[in-house]
Amino acid sequence: MNGGTLGLILALALVVYGLRYAGFALALVARSPRVLDYSRFVPLTVFAALLTRAIPSPPGEWLPRALAIGCAGIAVHRTKQAWFGLIAGFVAYALLRRW
Amino acid sequence: MNARAFRAEFLQGCRAMLPICVAAIPAALAFTIGAREAGLSGGETMLMSLAIFAAGVQLSAIGLLQADTPGLLIVLTAALLASYSLLFGLSLGAKLSLSWRARAVVAFFLTDAAYVITVARQGTTLAFLLGAELAMYATWNLCTLLGVAFGSRIPVSFQAELGIVYPLMLVVIIVPILRTRAELVAVVVAGGIALAVTPIAPAGVAVLAASLVGSAAGGGWSALLGALRLPRPHAQPQPRREPS
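Residues numbered from 1 in each chain as written. Chains lettered and ligands numbered in written order. Predicted model: local features only at pLDDT ≥ 70, side-chain atom pairs only at ≥ 80, totals over all residues. Heavy atoms only, no water.

*Asks:* Please explain the overall build of chain A as it appears in this structure.
*Replies:* Counting its secondary structure elements, chain A contains five helices and zero strands. Starting at the N terminus and walking to the C terminus, you meet the elements of chain A as α-α-α-α-α. The globule rule puts the C-alpha radius of gyration for 99 residues at 13 Å, and the 20 Å found for chain A is more than 25% above it. Each principal axis of the C-alpha distribution contributes one length, and for chain A these read about 50 × 50 × 25 Å. (Helix = DSSP H or I, 4+ residues; strand = E, 2+ residues; numbered from the N terminus. Rg over C-alpha atoms; globule rule 2.2 N^0.38 Å.)

Below, the structure is given as structure tokens:
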């Protein structure tokens, strides 16, 4: 194993762990009602941002991806089943790419 | 919590995570294929998954390694990419009362999916969070191992189709927990900010900015509705009937 690569991997692990732990440490000092109220929107907003970023890549594929994501959203909204949403979206995407 | 209750909660966390673990398969395969192209050995690829356990950071690191980027820049990019996990710890720390040992353990295994599955559940516990986290850790590392061993045999066309699983996973997470108009406002604002900031900033910064502004918009909408809502008329007190 290359020493430089090993050092880089350990540095990356330390940075990621440090940031994950820092959030928990911050929670100990930031317990105001306003912070708690705003933090309930965090999961939704993080996932909305990640989803928005994931739609246009790879370039030229945004339309089938957006339509497949729409299909999955409708399917999971109607059935409340994550599995069904994943399958509906995946099948829609596979068909739209070939169409 | 006794050992039996802890085990039951832990297994529930594992089960809740199963559908989302499917999304780890394409990401792990993409990572192992990229790592091989970047010249990493099988051992180094496995060590990345075991020690870092963050798909976005691992994928960006191998992309930068391929481009001969200096190590310091790779580490700084990783810090920006992982910056939004600060918000996860902040939110979970407010929900769960954890000892420093528990915080040290759950912080290592904390991922986007484990976080959202845990906060979406009523009356969530440390055992449930750990179950969800370890299910994803096991899946991610098993898929990395399989990718190291067999990744080169997967057809390129199927690899492209597997790439849709990650955004689909995000949709099936978001839709069931989207309940109020304030949450809808937060989601729309966060999506808009992410779209606007992504071309000019690293991914982690775009997500962090979108989440902060979206959460503020959701919180602001709630506060505005609360301020506009008319106070309910006080109920008229019933006259007490005197005993005859």
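*Asks:* Which parts of the structure should I look at to understand the interface of chain B and chain A?
*Replies:* By convention, interface size is frequently given as the accessible area that disappears when the constituent parts associate. Taken together, the contact pairs 88 residues of chain B with 58 residues of chain A. Carbon and sulfur atoms supply 80% of the area buried between chain B and chain A, which totals about 6400 Å² over both sides. Where chain B meets chain A, there are zero salt bridges. Counting residues per element, the side of chain B that touches chain A draws most heavily on helix α11 (residues 165-177) of chain B, at 13 residues. Its residues assigned to classes, the side of chain B that touches chain A comprises 64 nonpolar, 19 polar and five charged. (Contact = heavy atoms within 4.5 Å. Buried area = accessible area lost by both parts, 1.4 Å probe. Salt bridge = Lys/Arg side-chain N within 4 Å of Asp/Glu carboxyl O. Nonpolar A, V, L, I, M, F, W, Y, C, P; charged D, E, K, R; others polar.)

*Asks:* Can you walk me through the environment of Tyr-84 of chain B in this structure?
*Replies:* Within the secondary structure layout, Tyr-84 of chain B lies in the loop between α5 (71-81) and α6 (85-95). Taking C-alpha positions, Tyr-84 of chain B is 8.8 Å from Ala-209 of chain B, a pair spaced 125 residues apart along the chain. In this view, Tyr-84 of chain B contacts Val-46 and Leu-50 of chain A together with Asp-112, Gly-204, Val-207 and Leu-208 of chain B; residues no more than four positions away in its chain are not counted.

*Asks:* Could you clarify how one ought to interpret helix α7 (residues 100-109) of chain B in this entry?
*Replies:* In an α-helix, one full turn covers 3.6 residues, which means residues spaced three or four apart are oriented alike. For α7 of chain B, the complete set of buried residues consists of Ala-102, Arg-103, Val-106, Ala-107 and Phe-109 of chain B. Down the axis of α7 of chain B, the sector holding all buried residues measures 165°, keeping them to one side. Residues of α7 of chain B that are exposed and angled more than 90 degrees away from the buried face: Trp-100 and Arg-101 of chain B. Buried residues along α7 of chain B sit in contact with α1 (3-29) of chain A together with α9 (126-150) of chain B. (Buried < 20%, exposed > 50% of the residue type's maximum accessible area, 1.4 Å probe, protein only. Arc of directions from axis to C-beta.)

*Asks:* Explanation requested: the side chain of Ser-49 of chain B in the structure shown.
*Replies:* Residues and elements named next belong to chain B. When you line up the elements, Ser-49 lands in helix α3 (residues 42-51). Here the side chain of Ser-49 touches Thr-144 through a polar contact of 2.9 Å, side chain to side chain. Contact partners of Ser-49, with chain neighbours within four places excluded, come to Phe-31, Gln-58, Tyr-137, Trp-140, Asn-141 and Thr-144. (Polar contact = N/O pair within 3.5 Å; in protein donor to acceptor, adjacent residues only side chain to side chain.)

*Asks:* Help me understand the packing of aromatic side chains, please; the structure alone is not making it clear to me.
*Replies:* The way to describe two aromatic rings as a pair is by their centre distance and the angle between their planes. On inspection of all chains with the given rule, the structure shows eight aromatic pairs over all chains. A ring pair is formed by Phe-31 of chain B and Trp-140 of chain B, whose centres lie 6.3 Å apart and whose planes are at 25°; its orientation type is stacked. Residue Phe-31 of chain B is found in helix α2 (residues 24-37), and its partner Trp-140 of chain B is found in helix α9; the two are separated by 109 residues along the sequence. In this pair, the class of Phe-31 of chain B matches that of Trp-140 of chain B, namely buried. Among the aromatic side chains, those forming a connected cluster through ring pairs are Tyr-17 and Tyr-21 of chain A together with Phe-53, Phe-108, Phe-109 and Tyr-137 of chain B. (Phe/Tyr/Trp six-rings, centres within 6.5 Å; stacked < 30°, edge-to-face > 60°.)

*Asks:* Help me understand the nonpolar core, please; the structure alone is not making it clear to me.
*Replies:* The nonpolar side chains of a soluble globular protein tend to be buried with one another. Core analysis: the largest hydrophobic core is formed by 86 residues, its most contacted members being Leu-12 and Val-46 of chain A together with Met-17, Met-48, Ile-52 and Val-57 of chain B. Ignoring any residue separated from it by four or fewer positions in sequence, one finds Leu-12 of chain A in contact with Met-48, Ile-52, Val-57, Ala-61, Ile-74, Val-75 and Ala-78 of chain B. (Core = buried A, V, L, I, M, F, W, Y, C linked by side-chain atoms within 4.5 Å.)

*Asks:* Which parts of the structure should I look at to understand the layout of surface pockets?
*Replies:* With a probe scaled to a water molecule rolled over the atoms, the places where space remains empty come into view. By volume, the second largest pocket is sized at about 390 Å³. Taken together, the elements giving at least two residues each to the lining of the second largest pocket come down to α5 (82-98) of chain A together with α1 (3-21), α8 (112-119) and α11 of chain B. It is α11 of chain B that contributes the most residues to the lining of the second largest pocket, four residues altogether. In terms of residue class, the lining of the second largest pocket is made up of 13 nonpolar, one polar and two charged. (1 Å grid on protein atoms, 1.4 Å probe; cavity = no way out; pocket = protein on both sides within 12 Å on 5 of 7 lines; lining within 4 Å. Points joined across faces, edges and corners; volume = space filled by probe spheres on them.)

*Asks:* Sorry if this is basic, but what is going on with unusual backbone geometry here?
*Replies:* Most peptide bonds adopt trans geometry, and most residues besides glycine take a negative phi value. Even without a glycine there, the phi angle at Lys-80 of chain A is positive, about 60°. Under the relative-accessibility criterion, Lys-80 of chain A is labelled exposed at 57%. For Phe-53 of chain B, which is not a glycine, the phi torsion comes out positive at approximately 55°. Checked against the element boundaries, Phe-53 of chain B lands in the loop between α3 and α4 (55-66).

*Asks:* Please clarify how the packing of α4 of chain B against α5 of chain B should be interpreted in this entry.
*Replies:* Helix-helix packing: each pair is described by the crossing angle between the helix axes and the interaxial distance. All names here are of chain B. For the pair α4 and α5, interaxial distance at closest approach is 10 Å and the crossing angle is 155°. One element, α4, and the other, α5, form an angle in the roughly antiparallel class. Like other packed secondary-structure pairs, α4 and α5 cross with a definite hand, here right-handed. On α5, the residues touching Gly-56, Val-57, Ser-60, Ala-61, Leu-64 and Leu-65 of α4 are Ile-74, Thr-77, Ala-78 and Leu-81. In terms of residue class, the contact of α4 with α5 is made up of seven nonpolar, three polar and no charged. (Axes fitted to C-alpha atoms, helices over the stretch in contact; angles between N-to-C directions. Parallel < 35°, antiparallel > 145°, perpendicular 65-115°, else oblique. Left-handed = near helix turned anticlockwise from the far one by under 90°.)

*Asks:* Looking at this model, I keep getting lost on the confidence of the model for chain B. Mind explaining?
*Replies:* When pLDDT drops low, the exact placement of atoms in the prediction is not to be read closely. For chain B, per-residue confidence averages 83 on the pLDDT scale, and residues scoring 70 or more make up 89% of the total. Taken element by element, chain B is modelled with least confidence in helix α10 (residues 156-162) of chain B, mean pLDDT 65, and with most confidence in α3 of chain B, mean pLDDT 95. (pLDDT = per-residue confidence, 0-100.)

*Asks:* I'm lost on a nonpolar patch on the surface in this one. Help?
*Replies:* Where nonpolar side chains cluster on the molecular surface, the patch consists of Trp-83, Ile-87, Val-91 and Leu-95 of chain A together with Leu-18 of chain B and spans about 520 Å² of accessible area. Tallying contributions element by element places α5 of chain A first for the nonpolar patch, with four residues. Summarising the element assignment, Trp-83 of chain A is placed in helix α5. (Patch = residues over 30% accessible without salt bridge, like charges linked within 9 Å, V, L, I, M, F, W, Y side chains within 5 Å. Areas by Shrake-Rupley, 256 points an atom, 1.4 Å probe, with all protein chains shown as cover.)

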